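Remarks on the overall topology
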Amino acid sequence: VGLGRWAEVIAAAVSRSDGIETAACASSSPEKAAAFTGKHGCAPFETYEAMLADPSVEAVLITSAKHQHSGHAEAAARAGKHVFVEKPIATNIPDAHSVIAECERAGVVLATGQMTRRMTAVRKMK
């Protein structure tokens, strides 16, 4: 969910993997969903809720606007989907704790994208 520039980068990486596929996408923009579907061969959904209701969707990658991360993550967890959310998990600490608690309650994996942790300069600083 969230089909901007970073979703394109991740979908391109996913296409090079044997262990994962981009199965579906959801966007508030039908034009963005159609373009993304055409490029990545996934099923478009008119709403995020409809995508979450699809049993073939096992996990959700959240690259939506930062202020939407916590709501999207909690909804995915409640639907029993594993959650990968780009940083930040939420825009404030209480919402971040809520996302973590919701994923724990649902028994789903919660992961956060933080690409800089593998950068050479960051690794040297550590």
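Keep in mind it's a predicted model, so treat the numbers as computed, not measured.

Section: the pairing of strand β5 (residues 110-113)
The two faces of a sheet get side chains in turn, since along a regular strand they alternate between them. As defined by bridge partners, strand β4 (residues 82-86) adjoins β5 across four bridges and the pair is classed as parallel. Each residue of the ladder has a partner; that of V83, found in β5, is L110. At this point the chain moves from β4, through helix α5 (residues 93-106), to the parallel β5, and the crossover so formed is right-handed.

Re the side chain of T37
Note on placement: T37 falls in helix α2 (residues 30-40). In terms of polar contacts, T37 uses its side chain to reach the backbone carbonyl oxygen of A33, at 2.8 Å. Here C42 takes part through its backbone oxygen, which lies 3.5 Å from a polar atom of the side chain of T37. Once residues within four sequence positions are removed from consideration, T37 is found in contact with C25, C42, A43 and P44.

Looking at the nonpolar core
Among the nonpolar cores identified, the biggest contains 22 residues, and Y48, M51, V60, I62 and V83 are the most heavily contacted of them. At four residues, the largest contribution of residues to this core is made by helix α4 (residues 69-78). Setting aside its immediate chain neighbours within four residues, Y48 contacts V1, A26, V60, I62, H72, A75 and A76. Of all hydrophobic cores here, the second largest spans seven residues; its members include A11, A33, F36 and C42.

Here we look at the environment of V99
Structurally, V99 is set in helix α5. Classification of V99 as buried rests on a relative accessible area of 0%. Between the alpha carbons of V99 and E49 there is a distance of 17 Å; along the sequence they are 50 residues apart. Contact partners of V99, with chain neighbours within four places excluded, come to S70, A73, E74, I89 and L110.

Some words on α2
Those residues of α2 not exposed but buried are A33, F36, T37 and H40. Taken around the axis of α2, the buried residues stretch over an arc of 100°, which confines them to a single face. Of the exposed residues in α2, those oriented more than 90 degrees away from the buried face are E31, A35, G38 and K39. One or two residues past the end of α2 sits G41, with phi positive at roughly 65°.

Remarks on the confidence of the model for the chain
In low-pLDDT segments, the atomic positions of the prediction should not be examined closely. In this model, the chain carries a mean pLDDT of 91, and residues with pLDDT of at least 70 account for 98%. The lowest-confidence element of the chain is helix α6 (residues 120-125), averaging 81 in pLDDT; the highest-confidence one is α4, averaging 98.

Topic: the pairing of strand β3 (residues 59-62)
Only one face of β3 is covered, namely the one carrying V60 and I62; the face carrying A59 and L61 has none of its residues buried. The pairing of β3 with β4 spans four bridges and is classified as parallel. Paired with V60 across the strands is V83, a residue of β4. For the handedness criterion, the β-α-β arrangement of β3, α4 and β4 is classed as right-handed.

Rules used throughout
- Each chain has its residues counted from 1, running along the sequence as written.
- Totals for whole chains, interfaces and linings use all residues, but because this is a predicted model, local features are given only for residues with pLDDT of at least 70 and pairs of side-chain atoms are given and counted only at 80 or more.
- For side-chain calculations, the full set of non-hydrogen atoms in the structure is used, while hydrogens and water are omitted.
- In this scheme, strands are said to pair when DSSP sees at least two bridges between them.
- Here a helix means four or more residues in a row that DSSP labels H or I, a strand means two or more in a row labelled E, and each is numbered from the N terminus.
- With its strands directed away from the observer, a crossover is right-handed exactly when the path from the first strand over the helix to the second travels clockwise.
- Any pair of N or O atoms that falls within 3.5 Å is considered a polar contact. Within protein, one atom must be able to donate a hydrogen and the other to accept it, and sequence-neighbouring residues count only if both atoms are side-chain atoms.
- Between two residues, a contact is recorded if the distance between any of their heavy atoms is within 4.5 Å.
- Here, the term nonpolar core denotes a set of buried Ala, Val, Leu, Ile, Met, Phe, Trp, Tyr and Cys residues that are joined through side-chain atoms within 4.5 Å.
- The classification of residues rests on relative accessible area computed with a 1.4 Å probe and restricted to protein chains. Under 20% of the type maximum is buried, over 50% is exposed, and intermediate values are partly exposed.
- What the arc describes is the spread of directions from the helix axis to the C-beta atoms.
- Summary of the metric used: pLDDT quantifies the predictor's per-residue confidence within the range 0 to 100.

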